[in-house]
Amino acid sequence: MLESCQNAQERWGGVHLLIDRWLQERQELVAAFATLSDSPRASSANAQTLQKFCEVLVDYVSAGHFEVYEQLTSEAKAFGDQRGLELAKQIYPRIEAITEVALSFNDRCDNGDCRDGVSLSEELNRLGQLLHERFELEDCLIEVLHNAHQQQATPAL
């Protein structure tokens with residue numbers, strides 16, 4: 001039994017660290033967004049700030065899709081959590097839609113289409129609302145797909 005608990009900790013303890021790193025990236029994304037949102041109209045002076053924001057944005061959404069969500073789903077499958085998997089199936093399409101908006105924003109900025117301060121401000125407002133929604137959905141997934149299994153994966157003291 002102790003060996004089983006140790007195996008679970010080794011297997012799923014890394015998920016916790018992955019989530020921690022990802023949530024730190026989220027904080028970096030929020031900080032970059034706040035910096036950019038404070039002065040979006042001065043876009044020519046803000047080119048580096050905009051570029052930094054886009055880099056953090058792409059890194060964050062990529063880590064979600066290619067690392068965190070995959071690990072959360074694997075964990076839920078390993079624990080036979082059908083409720084969690086069903087919730088993920090309902091939530092993922094909305095997260096994917098928000099990802100598409102974020103990547104489109106990045107592409108427009110890469111093409112130089114984000115230079116107009118007024119349209120940049122409008123896009124940032126829209127993107128900010130969508131990111132807020134995404135964070136709430138992700139928090140729900142973490143709660144249901146990881147935290148619910150944490151006690152099962154942690155060896156009893």
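- The name that an unreviewed UniProt entry assigns to the protein chain is Sigma D regulator, with the source organism given as Pseudomonas lalucatii.
- In its Sequence similarities (unreviewed entry) section, the UniProt entry covering the protein chain states "Belongs to the Rsd/AlgQ family."

**What to know about the nonpolar core**
Side chains of nonpolar character tend, in soluble globular proteins, to be buried together.
Line of reasoning, step 1. In this structure, Leu29, Leu50, Phe53, Leu57, Phe105, Leu127 and Leu141 are the most contacted members of the largest nonpolar core, which totals 40 residues.
Line of reasoning, step 2. If you list the elements that add at least two residues to this core, you get helix 1 (2–38), helix 2 (47–78), helix 3 (82–110) and helix 4 (117–153).
Line of reasoning, step 3. Among the elements that make up this core, the one with the highest residue count is helix 2 (12 residues).

**Some thoughts on helix 3**
Line of reasoning, step 1. Along its 29 residues, helix 3 runs 41 Å from first to last C-alpha, staying within 8% of the 42 Å computed at 1.5 Å per residue.
Line of reasoning, step 2. Approximately 30° is the largest bend angle found in helix 3, and it occurs at isoleucine 91, with the proline proline 93 only one to four residues beyond.
Line of reasoning, step 3. Here helix 3 starts with a cap whose side-chain oxygen sits 3.4 Å from the backbone nitrogen of arginine 83, and that cap is aspartate 81.
Line of reasoning, step 4. In the stretch just after helix 3, glycine 112 is the one whose phi turns positive, near 85°.

**Section: the pattern of salt bridges**
Line of reasoning, step 1. For the coordinates displayed, the defined rule picks out 6 salt bridges.
Line of reasoning, step 2. With a shortest N-O distance of 2.9 Å, arginine 26 and aspartate 139 are connected by a salt bridge. Separated by 113 residues along the polypeptide, arginine 26 in helix 1 and aspartate 139 in helix 4 bring together distant segments of the chain.
Line of reasoning, step 3. As a salt-bridge pair, glutamate 123 and arginine 108 come within 2.2 Å of each other at their nearest N and O atoms. Here arginine 108 lies in helix 3 and glutamate 123 lies in helix 4, a separation of 15 residues in the sequence.
Line of reasoning, step 4. Judged by relative accessible area, glutamate 123 falls into the buried class, the value being 17%.
Line of reasoning, step 5. The class of arginine 108 is partly exposed, set by a relative accessible area of 29%.
Line of reasoning, step 6. Salt bridges linked by common partners bring Arg26, Arg134, Glu138 and Asp139 together as one network.

Rules and cut-offs
- Residues numbered from 1 in each chain as written.
- Predicted model: local features only at pLDDT ≥ 70, side-chain atom pairs only at ≥ 80, totals over all residues.
- Heavy atoms only, no water.
- UniProt positions renumbered as here; feature names shortened; annotations may be inferred.
- Core = buried A, V, L, I, M, F, W, Y, C linked by side-chain atoms within 4.5 Å.
- Buried < 20%, exposed > 50% of the residue type's maximum accessible area, 1.4 Å probe, protein only.
- Helix = DSSP H or I, 4+ residues; strand = E, 2+ residues; numbered from the N terminus.
- Expected span 1.5 Å × (residues − 1).
- Bend = angle between axes of the 7 residues up to and from the residue.
- Polar contact = N/O pair within 3.5 Å; in protein donor to acceptor, adjacent residues only side chain to side chain.
- Salt bridge = Lys/Arg side-chain N within 4 Å of Asp/Glu carboxyl O.

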